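Residue-level structure breakdown
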Amino acid sequence: MSTSLYPLASLSQIEKTPSREDGIPEELEFDLRAFGCKLIHEAGVLLRQKQVAVATAQILFQRFWYVTSMKQFGIGDIGMGALYLASKLEECPVRMRDLINVYDLLLQRTQHRLKHPPGTSSAGVPCPEFKYVPMSYFGNTFYDLKDALVVAEMQILKRLGFNVHVVLPYGTLVNYLRVLGLTEREDVPSKAWGYLNDALQTPVYALYAVPTIVSAAILLATRHLGIALPSSPECCWWELFDADWEDVWSVAGHIMRLYRERTPDDQARVLSLVSKKGVRSWLEDNASREPAS
């Protein structure tokens, strides 16, 4: 990882992530990253955690997969560890038991969605509603999740070299909108803010500096709302913020990629790969299907 103000992945890490080296396709890795961040967000909502801690956790989560493969650690465990660590970094710690209970609920709900996809069955019978079954006080589930949480936090710190400094984009967004004279309209800041939050589900915070990401959010918001900004060769608004057009366009592409349609099979595949056990099983199945060279 880079040691600059914004810790960014190196070119070699971008070209070939550890997960891709282990045989996980790029598209699948992207979807697993997004789903892991979604679990972090949902856990933050249930815990009533501050947004700064949730955003920090998602960025740490994304960075982690540039130094480690999903074959070694599950996205559920690392997401839980990232939120626990980020809560400490942002000085709004959560109780370990509360975090474990919330993740247990989310993981149970994931398994329910995998067994009972939304809609109706082939026989026309409605799918059963999800009902959370709390962990047994004397069972092993809590202690297994506790061990996984402790290991995940330790591994994040170790593999990132304790470089857990995060710069969030929200203050920069407000300043840029003021420069562009867009703060008078309520829809522009809220739309751009939403794109910044959605970008947390993508790897862009581990790839690009904050000014570039904020410029991409403004670009998407203004184009969606039909607002024209100076973009002629001699007067490009993004150059005010030292952002390169190719990078801004690339970040916008990463964000828009989140909204593409996914087949039920693709959705089920992601739900089944939340744990490292599921990933290893999937890799073994695919390796056995490949013809011998």
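Here the structure is shown first, and the text comes after it.
Attention here is on the structure that accompanies the text. These numbers were taken from a predicted model, which means no experiment stands behind them. (Residues numbered from 1 in each chain as written. Predicted model: local features only at pLDDT ≥ 70, side-chain atom pairs only at ≥ 80, totals over all residues. Heavy atoms only, no water.)

Here we take up the overall build of the protein chain. Secondary structure assignment for the protein chain yields 13 helices and two strands. Here the C-alpha atoms of the protein chain give a radius of gyration of 20 Å, agreeing with the 19 Å that 2.2 N^0.38 yields for 293 residues. The burial tally for the protein chain puts 46% of its 293 residues in the buried class. Within the protein chain, residue pairs in contact and separated by at least 24 positions form 78% of the contacts whose partners lie at least 6 positions apart. If you average the places of the 30 positive and of the 33 negative side-chain charges in the protein chain, the two averages end up 7 Å apart. (Helix = DSSP H or I, 4+ residues; strand = E, 2+ residues; numbered from the N terminus. Rg over C-alpha atoms; globule rule 2.2 N^0.38 Å. Buried < 20%, exposed > 50% of the residue type's maximum accessible area, 1.4 Å probe, protein only. Contact = heavy atoms within 4.5 Å. Lys, Arg positive; Asp, Glu negative; His and termini not counted. Charge placed at Lys NZ, Arg CZ, Asp CG, Glu CD.)

Looking at the element boundaries, D31 is found in helix α3 (residues 26-47). Given a relative accessible area of 7%, D31 falls into the buried group. With residues near it in sequence (within four places) discarded, D31 still touches R260, R262 and V270.

The subject of this paragraph is the nonpolar core. Residues L99 and I218 are the most contacted members of the largest nonpolar core, which totals 89 residues. Ranked by residues supplied to this core, first place goes to helix α10 (residues 210-225) with nine residues. In contact with I218, not counting residues within four places along its chain, are L173, Y176, L177, L180, L182, L229 and W237. (Core = buried A, V, L, I, M, F, W, Y, C linked by side-chain atoms within 4.5 Å.)

Attention now moves to the packing of helix α5 (residues 75-89) against helix α7 (residues 141-159). Angle between the axes and distance between the axes: these two values describe a pair of packed helices. Axis separation between α5 and α7 bottoms out at 8 Å; the angle between their running directions is 70 degrees. Between α5 and α7, the angle falls in the class roughly perpendicular. Handedness of the α5/α7 crossing: right-handed. On the side of α5, the interface is formed by D77, I78, M80, G81, A82, Y84, L85 and K88, while α7 contributes L145, A148, L149, A152, E153, I156 and L157. Grouping the constituent residues of the contact of α5 with α7 by class yields eleven nonpolar, one polar and three charged. (Axes fitted to C-alpha atoms, helices over the stretch in contact; angles between N-to-C directions. Parallel < 35°, antiparallel > 145°, perpendicular 65-115°, else oblique. Left-handed = near helix turned anticlockwise from the far one by under 90°. Nonpolar A, V, L, I, M, F, W, Y, C, P; charged D, E, K, R; others polar.)

Moving on, we get to the pattern of salt bridges. Within this structure, the stated rule accounts for eleven salt bridges. Here D31 makes a salt bridge to R260, at a shortest N to O gap of 2.9 Å. Of this pair, D31 sits in helix α3 while R260 is found in the loop between α11 (245-257) and α12 (264-271), placing the two residues 229 residues apart along the sequence. Under the relative-accessibility criterion, R260 is labelled partly exposed at 26%. One continuous salt-bridge network, built from bridges that share partners, spans E27, D31, R257, R260 and R262. (Salt bridge = Lys/Arg side-chain N within 4 Å of Asp/Glu carboxyl O.)

Contact geometry of helix α4 (residues 51-64) with α5 gives a least axis separation of 8 Å together with a crossing angle of 130 degrees. Judged on the interaxial angle alone, α5 and α4 are oblique. In this structure, α4 meets α5 at a crossing whose hand is right-handed. Contact residues: A53, V54, T56, A57, L60, F61 and F64 in α4; I75, I78, G79, A82, L83, L85, A86, S87 and L89 in α5.

A rise of 1.5 Å per residue sets the reference length of helix α6 (residues 96-115), with its 20 residues, at 28 Å; its end C-alpha atoms lie 29 Å apart and thus fit the reference within 8%. Along α6, the residues classified as buried are L99, I100, V102, Y103, D104, L106, T110 and H112. Looking at the buried side of α6, the elements it contacts are α3, α5, α7 and α12. (Expected span 1.5 Å × (residues − 1).)

So, about the packing of aromatic side chains. One pass over the full model with this rule turns up ten aromatic pairs. Summarising the aromatic geometry, the rings of W237 and F241 are spaced 6.4 Å apart at their centres and angled 65 degrees between planes, so their arrangement reads as edge-to-face. Summarising the burial analysis for this pair, W237 and F241 share the class buried. Feature note: the residues Y176, W237, W238, F241, W245 and W249 constitute an aromatic cluster, connected by ring pairs. (Phe/Tyr/Trp six-rings, centres within 6.5 Å; stacked < 30°, edge-to-face > 60°.)

Our focus in this paragraph is the side chain of T56. Tracing the chain through its elements places T56 in helix α4. A distance of 3.1 Å separates polar atoms of two side chains, one belonging to T56 and the other to E90. (Polar contact = N/O pair within 3.5 Å; in protein donor to acceptor, adjacent residues only side chain to side chain.)

On their own, these measurements won't tell you what the molecule is for.
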